[in-house]
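Coordinate inspection notes
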Amino acid sequence: TGIEAISTEANQLALQLIQGLRSLKYKINSPHRNNHVGAIVNFGPTNDSPLKSVDAIEKRLLDSKVAFAKRVPGIRVSPHAHNLAADIEKTLSFLA
């Protein structure tokens, strides 16, 4: 159905985001598992990530006009049906 297709696409985009964030050494705070992703991704900085604070991430995303929410313990990004894989790649490039 349409709802299932939207959910599947949003989950795939979230997984792409999670994989990219992990490769950039950000910490994933969302309780994702191998068999369940969900389209809400909360992440934060680490000592090894390019940006070292939630405030720095917030500023970079604001300056780049990326939709997000500051939610404890980090930043929430929620890919949905109106997003494309290219949007995720651009977001990751802003965080690099």
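Residues numbered from 1 in each chain as written. Predicted model: local features only at pLDDT ≥ 70, side-chain atom pairs only at ≥ 80, totals over all residues. Heavy atoms only, no water.

This part takes up the sheet that holds strand β4 (residues 74-77). The 4 strands are arranged β1-β2-β4-β3 in an open sheet whose pairing can be described as antiparallel. Among the strands making up the open sheet, the edge pair consists of β1 (27-28) and β3 (69-71). In the sheet, β1 pairs with strand β2 (residues 41-44) via 2 bridges, with the strands oriented antiparallel. Residue pairing across strands places Lys-27 opposite Gly-44, the latter belonging to β2. Across the face of the sheet, helix α1 (residues 2-23) comes into contact with β1, β2 and β4 while running at roughly 10° to β2. (Pairing = 2+ DSSP bridges. Helix = DSSP H or I, 4+ residues; strand = E, 2+ residues; numbered from the N terminus. Contact = heavy atoms within 4.5 Å. Axes fitted to C-alpha atoms, helices over the stretch in contact; angles between N-to-C directions.)

Attention now goes to the side chain of Asn-83. In this structure, Asn-83 sits in the loop between β4 and α3 (85-95). When near neighbours in sequence (up to four residues on either side) are disregarded, Asn-83 contacts Leu-13 and Ser-78.

Scanning the model with the defined rule gives 3 salt bridges in all. A salt bridge links Lys-70 to Asp-55; its shortest N-O distance comes to 2.8 Å. Remark: Asp-55 occurs in helix α2 (residues 54-63) and Lys-70 occurs in strand β3; sequence separation between them is 15 residues. A salt bridge links Lys-70 to Glu-58; its shortest N-O distance comes to 3.3 Å. You can see Lys-70 sitting in strand β3 and its partner Glu-58 sitting in helix α2, a full 12 residues away along the chain. A relative accessible area of 39% means that Lys-70 is categorised as partly exposed. (Salt bridge = Lys/Arg side-chain N within 4 Å of Asp/Glu carboxyl O. Buried < 20%, exposed > 50% of the residue type's maximum accessible area, 1.4 Å probe, protein only.)

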